[in-house]
Amino acid sequence: MFALPRDSTKPMEEAIYEFHLKLFFDIDSSTNHIPNEILSKDFTGDPDDQIASPFGKVVFLADNRTLAYLGRDGDETQVYTVDTVSKKVNQLTHHPSLVRSFVVDPDGSLRAFAAVAVPEKNQRKSRLEGDGVFLWDSKLFPLQFGSFSPMPLLWQTEGHQIRQYFLNTADGPKLFFDSRQSKPAEAVDLSDRKVATSGGTESWEDEAMLRGSSTLAENPKDKSLVMFPYALTNHPMHPERYAYYNQPLNKNAFIRRLAAPYGLVNPNTGKVEVLIDAPHPVSERYEGGDALWGPDGKSVLIYTLLPDAPADPPKWVEVDIATRKATPLGLPKDWHPIAWAADGKSLILSGKDGKFGNVPRTSSGWGKFVETGAAKGFNKDWPVATNGQKLVGVRDASLSPPELATYELNSGKVEDLSNFNPQLHQRKYGSVELWHWPSTSQKDAAGFLIKPVGYKSGTRYPLVVLLDDNTMGRVGEPYLLDASWQLSGHAIQMLAAQGYVVLYPREPILRDVVETDAEGKRVREYLESAVAELDKEGLIDPKRVGLSGWSRAGYYTDYMLIHSSINFAAASAIDGGGVEYNDGMRAFSDDELKHIHTPKLLEAHGLTSLVWLAGMADRMTSLGKPNDILYFATASHSTTRPLHRLRSLGTHLDWWNFWLKGQEDPDPAKADQYTHWRKLRETQKSAGKLPG
């Protein structure tokens, strides 16, 4: 599934995209198939749902011919099936609101689905969007902020938080659970500024639990369902009982309010029972995962804490449905099951560092865990799929674009399946090396150093440092055309092609200092030591250094501009930053902003991001600090649509060239852009605060 712009002559937010759903290959075939287009749909995006797509959650049914998916038609998302041979489409739901997840039986009939509640007309939201005015109603939102913040008001007007679950019956959809049954008995203290701005509000809790984390898994035998979360106001989990919730990173209002168990749903009556009376941790990135039924339907695998062992860490267990007895699988840390093997007698496992393994299921329980190795070149950050004999994943390298590949579990053979972008194999790249430097705050300071195309030893080049909020992690060598997860303006190889050295560092370890004063200080030392070492090696011109950060790394960019000894020539923050993250998300003070002498580009994705960043931009402007805003009303956090990406990457290239090299693109369409930037430069000159 992919999107291409169809009408690029329209304004950015009105551009029409063609989304294509194609069948590319059969993993059991010895040769790749010519792509077979199943469906094509025009879609312009949705400002209320930045990741909206006309196709989503695509799954094959048991006939290996029919696809079920969430399809967008107008303003609503419904469940559809499509025959990949005849191309016939069948709509399974006609719900009056957005459907978010579904279960379709092997015969193509709908078993169950979850949808947001039918929204009530929200006059406040319409006024906010129409007038662009944010009202602070102290009666509705009695929060004690050190400075004005409209964020709780925005959260309260999102309108998509309430989730309802339905069984599909002969008489129509039957509601069996409503997320409003899940409100915690104990309310969050919103007078605590730290709590109120940390994501502990009811709106954020609903968004995380009921939109991003809710799951339905169907028993292959009796059609019963396991659902998560099944939280009830009158049945609290008491997270304080469990040692897991007393760890520093889990001891906050947000994580504790997500403490909820799995529910077991009777397919005939819709009655829901607690599967195990203990919470399933949702914040685990590697160990956790969705429930997985056993082949015989008599048991289900879940990741959970245990009520009779509250001091133990969470673990994967097999729950016998008849007795509710939980038997641990005995998996090591950072491993989780992804599927049953083809014979149904063992589990295929995935590990943190791209490794795979298995554990056999015996008549007496679970056997010994065995690590089977890693698929060479597989990118650990992309999910894998399997038929029990072969794994399908994404294979790439720093100079090799991502392609789908198979990994044969028995032989370890890796075979490429696709060749999506042959032109990317033919282009010239700047060399990429994993570079290490001395740092007092980080034992293994490392990142990718990209040298310019046509690099000449002894020449000092302008440098751009790109920060990605630990998206890349500490291991792996992903394809670096732009960034590990294609982070909008992070134009890595485009910069290399235009004569820049690029440093794409692995983020330092921050878990022990996150949300403390030491967080920014550690990032500062880490980056200052890197730039100093590049200067020492004669690779860069220290008077022409740029810095950009995405998401939380946008805050690191702000911190560096305020506190660093480096006199950056230009900077940008992409969908992050704009406020002091470690002091209640407050706006930066004038005293702090007075230390910024660097022109800054602020890229906002969506209304919430615009509020943060525009607040900082307004204060910078009032203080005579040059800045500009690039706004995408419908872009996702890391942009996915082609025109969004083209605009973000292109504007960033123009920004770096203008401030670091004094160059302008002669394209007449960009005349207004450069007129504005030249005025910013004159403002900076008159203030006597030129970088470098």
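Please read all numbers here as calculations on a predicted model, not as lab measurements.

## Looking at the overall build of the chain
Consideration 1: In terms of regular secondary structure, the chain is built from twelve helices and 38 strands.
Consideration 2: The buried share of the chain, reckoned over its 692 residues, is 52%.
Consideration 3: Put simply, 57% of the contacts in the chain that link residues at least 6 apart link residues at least 24 apart.
Consideration 4: With an accessible surface of roughly 31,200 Å², the chain has 50% of that area assigned to carbon and sulfur atoms.

## Focus on unusual backbone geometry
Consideration 1: For the bond running from F228 to P229, omega is 0°, close enough to zero to count as cis.
Consideration 2: Look at D334: it is not a glycine, yet its phi comes out positive at around 75°.
Consideration 3: Along the chain, D334 turns up in the loop between β19 (326-328) and β20 (335-340).
Consideration 4: At D575, a residue that is not glycine, the phi angle is positive and equals roughly 50°.
Consideration 5: By secondary structure assignment, the location of D575 is in the loop between β34 (570-574) and β35 (579-580).

## Some words on helix α7 (residues 517-536)
Consideration 1: The end-to-end C-alpha separation of α7 is 29 Å, in line with the 28 Å expected for 20 residues at 1.5 Å each.
Consideration 2: Taken together, the buried positions of α7 are occupied by E519, G520, R522, V523, Y526, L527, E528, S529, A530, V531, E533 and L534.
Consideration 3: At the exit of α7 stands G538, carrying a positive phi of roughly 75°.

## Observations concerning the pattern of salt bridges
Consideration 1: Counted by the stated rule, this structure contains 24 salt bridges.
Consideration 2: Of the charged contacts, one joins D416 and R395 as a salt bridge, the two residues approaching to 3.1 Å between their closest N and O atoms. With a gap of 21 residues between them, D416 in strand β28 (residues 414-416) and R395 in strand β26 (residues 390-397) connect regions that are remote in the sequence.
Consideration 3: Residue classification places R395 among the partly exposed positions, given a relative accessible area of 24%.
Consideration 4: In this structure, E528 and R524 form a salt bridge, with 3.0 Å as the shortest nitrogen-oxygen distance. Of this pair, E528 and R524 both sit in helix α7, four residues apart, roughly one helical turn.
Consideration 5: Judged by its relative accessible area of 29%, R524 is partly exposed.

## Side note on the packing of aromatic side chains
Consideration 1: Evaluated as defined, the whole model comprises 26 aromatic pairs.
Consideration 2: Ring geometry for Y69 versus Y80: centroids 5.6 Å apart, planes at 15°, classification stacked. Of this pair, Y69 sits in strand β5 (residues 66-73) while Y80 sits in strand β6 (residues 76-83), placing them eleven residues apart in sequence. Here Y69 and Y80 have matching classes, each one buried.
Consideration 3: Ring geometry for W655 versus W677: centroids 5.0 Å apart, planes at 80°, classification edge-to-face. With a gap of 22 residues between them, W655 in helix α11 (residues 642-661) and W677 in helix α12 (residues 671-686) connect regions that are remote in the sequence. One exposure class covers both W655 and W677, and it is buried.
Consideration 4: Here the aromatic residues W655, F658, W659, Y674 and W677 are joined through ring pairs into a cluster of three or more.
Consideration 5: Positioned above the aromatic ring of Y242 is the side chain of R241, whose terminal nitrogen or guanidinium carbon lies 5.1 Å from the ring centre.
Consideration 6: The ring centre of W366 lies 5.3 Å from the NZ or CZ of R361, which sits over that ring.

## Considering the packing of α7 against helix α8 (residues 552-563)
Consideration 1: Put simply, α7 and α8 touch, their axes get as near as 10 Å, and they point 75° apart. Viewed along their axes, α7 and α8 adopt a mutual orientation that is roughly perpendicular. Where α7 approaches α8, its residues D517, E519, G520, K521, V523, R524, L527 and E528 are matched on the opposing element by R552, Y556, Y559, M560 and H563.
Consideration 2: When grouped by side-chain class, the residues that make up the contact of α7 with α8 number five nonpolar, two polar and six charged.

## Details of the sheet that holds strand β17 (residues 299-304)
Consideration 1: Strand order in the open sheet made by the four strands is β16-β17-β18-β19, with antiparallel pairing throughout. Pairing within the sheet leaves two strands with one partner each, and these edge strands are β16 (292-293) and β19.
Consideration 2: Pairing between strand β18 (residues 315-320) and β19: three bridges, direction antiparallel. Its bridge partner lying in β19, E318 is registered against T327.

## Things to note about empty space enclosed by the protein
Consideration 1: For the structure shown, the criterion picks out two cavities of 30 Å³ or more.
Consideration 2: In this structure, the largest cavity spans a volume of roughly 80 Å³.
Consideration 3: As for the largest cavity, its lining consists of L467, D468, D469, P505, R506, E507, P508, V523, Y526, L527 and Y556.
Consideration 4: Among the elements that take part in the lining of the largest cavity, α7 stands out by supplying three residues, more than any other.
Consideration 5: Residues of the lining of the largest cavity, tallied by class, amount to seven nonpolar, no polar and four charged.

## Notes on the environment of Q493
Consideration 1: Tracing the backbone through its elements, the reader meets Q493 in helix α6 (residues 492-497).
Consideration 2: In this structure the C-alpha to C-alpha distance between Q493 and G430, which are 63 residues apart in sequence, comes to 6.4 Å.
Consideration 3: Apart from residues no more than four positions distant in its own chain, Q493 is found in contact with L399, R427, Y429, G430, V432, I450, L480 and L481.
Consideration 4: Engagement of the side chain of Q493 in a polar contact is seen with the backbone nitrogen of G430, the distance being 2.8 Å.

## With respect to the side chain of H605
Consideration 1: In this structure, H605 sits in strand β37 (residues 600-605).
Consideration 2: Of note is the side chain of H605, whose polar atom sits 3.1 Å from the backbone oxygen of H637.

## What about the confidence of the model for the chain?
Consideration 1: With 82% of its residues at a pLDDT of 70 or more, the chain shows a mean pLDDT of 83.
Consideration 2: Contacts for the low-pLDDT stretch residues 122-160, under 50 throughout, to residues beyond four places or in other chains number 64 contacts.
Consideration 3: Below pLDDT 50 for its whole length, residues 193-212 participates in 63 contacts with residues either more than four positions away or in separate chains.

## Observations regarding the nonpolar core
Consideration 1: One finds L463, V465, L503, L527, L534 and I540 to be the most contacted residues of the largest nonpolar core, which totals 45 residues.
Consideration 2: For this core, the elements supplying multiple residues, two or more each, are β31 (461-467), β32 (501-505), α7, β33 (540-550), α8, β37 and α10 (607-622).
Consideration 3: It is α8 that provides the largest number of residues to this core, a total of seven residues.
Consideration 4: I450, L481, Y504 and L601 belong to the second largest nonpolar core, which has 39 residues in total.

## What about α8?
Consideration 1: With twelve residues, α8 should reach 16 Å at 1.5 Å per residue; the first-to-last C-alpha distance of 17 Å fits that figure.
Consideration 2: α8 sits mainly inside the fold: eleven of its twelve residues count as buried.
Consideration 3: Regarding α8, the residues found buried are R552, A553, G554, Y555, Y556, T557, D558, Y559, M560, L561 and I562.

Parameters at a glance
Residues numbered from 1 in each chain as written. Predicted model: local features only at pLDDT ≥ 70, side-chain atom pairs only at ≥ 80, totals over all residues. Heavy atoms only, no water. Helix = DSSP H or I, 4+ residues; strand = E, 2+ residues; numbered from the N terminus. Buried < 20%, exposed > 50% of the residue type's maximum accessible area, 1.4 Å probe, protein only. Contact = heavy atoms within 4.5 Å. Areas by Shrake-Rupley, 256 points an atom, 1.4 Å probe, with all protein chains shown as cover. Expected span 1.5 Å × (residues − 1). Salt bridge = Lys/Arg side-chain N within 4 Å of Asp/Glu carboxyl O. Phe/Tyr/Trp six-rings, centres within 6.5 Å; stacked < 30°, edge-to-face > 60°. Lys NZ or Arg CZ within 6 Å of the ring centre and 35° of its normal. Axes fitted to C-alpha atoms, helices over the stretch in contact; angles between N-to-C directions. Parallel < 35°, antiparallel > 145°, perpendicular 65-115°, else oblique. Nonpolar A, V, L, I, M, F, W, Y, C, P; charged D, E, K, R; others polar. Pairing = 2+ DSSP bridges. 1 Å grid on protein atoms, 1.4 Å probe; cavity = no way out; pocket = protein on both sides within 12 Å on 5 of 7 lines; lining within 4 Å. Points joined across faces, edges and corners; volume = space filled by probe spheres on them. Polar contact = N/O pair within 3.5 Å; in protein donor to acceptor, adjacent residues only side chain to side chain. pLDDT = per-residue confidence, 0-100. Core = buried A, V, L, I, M, F, W, Y, C linked by side-chain atoms within 4.5 Å.

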